[in-house]
Amino acid sequence: MRQARVEDEDTPAASPGPAAAERAAGERAPQRWTQGWRRITLGAGMLVYPCLTAVAMSGTVSGAALVAGYAVVAAFCLCFVLAATAMIHRRRRQVLLLLAVMSALCLAALPSAHQNAFYLATVVASYAAVLWRRHATRVVVAAALAALLVPWAVPAWHTGPGTFQALALLFTALTTGAFAEIAATNQALVAARAEVARLASEAERNRIARDLHDLLGHSLTAITVKSRLAQRLAAKDPDQSLAEMAAVESLSRQALADVRAAVTGYRDVTLAGELARGRELLRAAGVVADLPTSTDPVATQDGELFGWVVREGLTNVVRHARAGRCTVTVTGSSVEIRDDGVGAGGGTGGTGEGSGVGRGLTGLRERVAAAGGTVEAGPLGPRGWRLLVTVPPGARGGRRNPARKGTT
């Protein structure tokens, strides 16, 4: 029985197909605006600011100074494109070097563009808001204050505070930083969705493996016991031997149906059904069965869980205990299985766990823990084994009937 499992997960295992393709497309959707030509389009929008700086230069300088100013803006645009390419390829050191060059070009443009050179600073501040999100506010506010106060502090420019440039820098950089934060969040969500899908697939595989262990362990044990009984009866009572073999065929068909049900996630395990099968299994194994005749004390929501307990417990009694008698007691909040077999002295115990923890008991503990209950298993003195599963009345929020034992 597999140990790692999430109870009752019916999410299909991840596999190629239309559903997987649709899920993959959904995971790619949040990233579309940060991939391919869309990313280039968004980045190219920042080139508007160098263009504004170049246009503004014609009103402040002329001649060789204007040509030098245009050369500075052209170099700035080239560095911007190179920095964007380096960022796409995650070359952080190259990006930082290019940002340093762009900052120097901003300063070089001041004599030609005056306060309009701070449009170039808007691009640099936007990069800083993306690269250093933790310090983006301080960097952007400092740059905006510089754009506001430097034009006012330089009398030769004959201008007041650079209000428009400061506002453009502030809102553009903050918007770019917010976009980067949203893109990072989307990538984290996509990674989380992929992890959830992986865990769901793993949980479904574990569910199928554990259910197959429980189902086939019981069914194959019953088939083995009945086949041996048929062999012993073949010479003395051929008719009874044929009846046992017919029962083997029926069990085989039922096992196949159970396997199909487990794989598709639709299990039909009930306490009443498992008690009936267990009584027949114990009879075929030559064990006196002392089982309940009624399951009324058990709440509906616990019927399947207690059915799994009875199935696992009785299967292991037949396989390992070498018992002469087995007793099952059912109450509204518990189910107990006792046998008078070899117990711990035989090295396996009535539940087949031995000195270690077997897969059957481990899986049973997982089932019970998921329902908010507890499992107690151990030897009895001087012989025998006891398996007790208890689900407190409030574990599932259901209202239970008063506890009542019902054994024959």
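In short, a report on the structure.

**Comments concerning the overall build of the chain**
From N to C terminus, the chain includes twelve helices and five strands. Here the chain, with 408 residues, has 42% of them falling under the buried criterion. For the chain, contacts bridging at least 24 residues in sequence account for 71% of all contacts bridging at least 6. As presented, the chain carries roughly 21,100 Å² of accessible surface, and 61% of it is formed by carbon and sulfur atoms.

**Comments concerning the packing of aromatic side chains**
The tally for this structure, following the rule as stated, stands at three aromatic pairs. Arranged with centres 5.7 Å apart and planes meeting at 65 degrees, the rings of F80 and Y127 form a pair that is edge-to-face. Here Y127 lies in helix α6 (residues 118-131) and F80 lies in helix α4 (residues 64-88), a separation of 47 residues in the sequence. For F80, a relative accessible area of 6% gives the class buried. Here the aromatic residues Y49, Y119 and F164 are joined through ring pairs into a cluster of three or more. Sitting over the face of the ring of W308, R367 holds its NZ or CZ atom 3.9 Å from the ring centroid.

**Here we look at the nonpolar core**
Most often, soluble globular proteins have nonpolar side chains that are buried together. If you look at the biggest cluster of nonpolar residues, it comprises 43 residues, and the most contacted ones within it are F76, M102, V123, Y127 and L169. Secondary-structure elements contributing two or more residues to this core are α3 (48-57), α4, α5 (92-113), α6, α7 (136-153) and α8 (163-236). Top contributing element to this core by residue count: α6, with ten residues. Setting aside residues no more than four positions away along its own chain, F76 makes contact with P50, M102, L105, C106, L120, V123 and V124.

**Comments concerning the sheet that holds strand β3 (residues 334-339)**
Here five strands make up an open sheet; going across it, the order is β1-β2-β3-β5-β4 and the pairing mixed. The open sheet has two edge strands with one neighbour each: β1 (288-290) and β4 (374-379). Mean inter-strand twist for the sheet, computed between neighbouring axes without regard to direction, equals 10 degrees. Judged from the five bridges that link them, strand β2 (residues 325-330) and β3 form a sheet pairing that is antiparallel. In the strand pairing of β3, T327 is matched with R338.

**Quick look at a nonpolar patch on the surface**
Residues V141, L145, L149 and W152 make up a contiguous nonpolar surface patch of about 410 Å² in total accessible area. The residue L145 is located in helix α7 in this model. Overall, L145 belongs to the partly exposed group, its relative accessible area being 45%.

**Points about the packing of α3 against α6**
Orientation of α3 relative to α6, taken along the N-to-C sense of each, is 165 degrees, at an axis distance of 8 Å. With respect to α6, the axis of α3 lies roughly antiparallel. Taken as a pair, α3 and α6 cross one another with a handedness that is left-handed. Side by side, α3 and α6 meet where Y49, P50, L52 and T53 of the first sit next to Y119, L120, T122 and V123 of the second. Within the contact of α3 with α6, the residues separate by chemical class into six nonpolar, two polar and no charged.

The rules behind these values
Residues numbered from 1 in each chain as written. Predicted model: local features only at pLDDT ≥ 70, side-chain atom pairs only at ≥ 80, totals over all residues. Heavy atoms only, no water. Helix = DSSP H or I, 4+ residues; strand = E, 2+ residues; numbered from the N terminus. Buried < 20%, exposed > 50% of the residue type's maximum accessible area, 1.4 Å probe, protein only. Contact = heavy atoms within 4.5 Å. Areas by Shrake-Rupley, 256 points an atom, 1.4 Å probe, with all protein chains shown as cover. Phe/Tyr/Trp six-rings, centres within 6.5 Å; stacked < 30°, edge-to-face > 60°. Lys NZ or Arg CZ within 6 Å of the ring centre and 35° of its normal. Core = buried A, V, L, I, M, F, W, Y, C linked by side-chain atoms within 4.5 Å. Pairing = 2+ DSSP bridges. Axes fitted to C-alpha atoms, helices over the stretch in contact; angles between N-to-C directions. Patch = residues over 30% accessible without salt bridge, like charges linked within 9 Å, V, L, I, M, F, W, Y side chains within 5 Å. Salt bridge = Lys/Arg side-chain N within 4 Å of Asp/Glu carboxyl O. Parallel < 35°, antiparallel > 145°, perpendicular 65-115°, else oblique. Left-handed = near helix turned anticlockwise from the far one by under 90°. Nonpolar A, V, L, I, M, F, W, Y, C, P; charged D, E, K, R; others polar.

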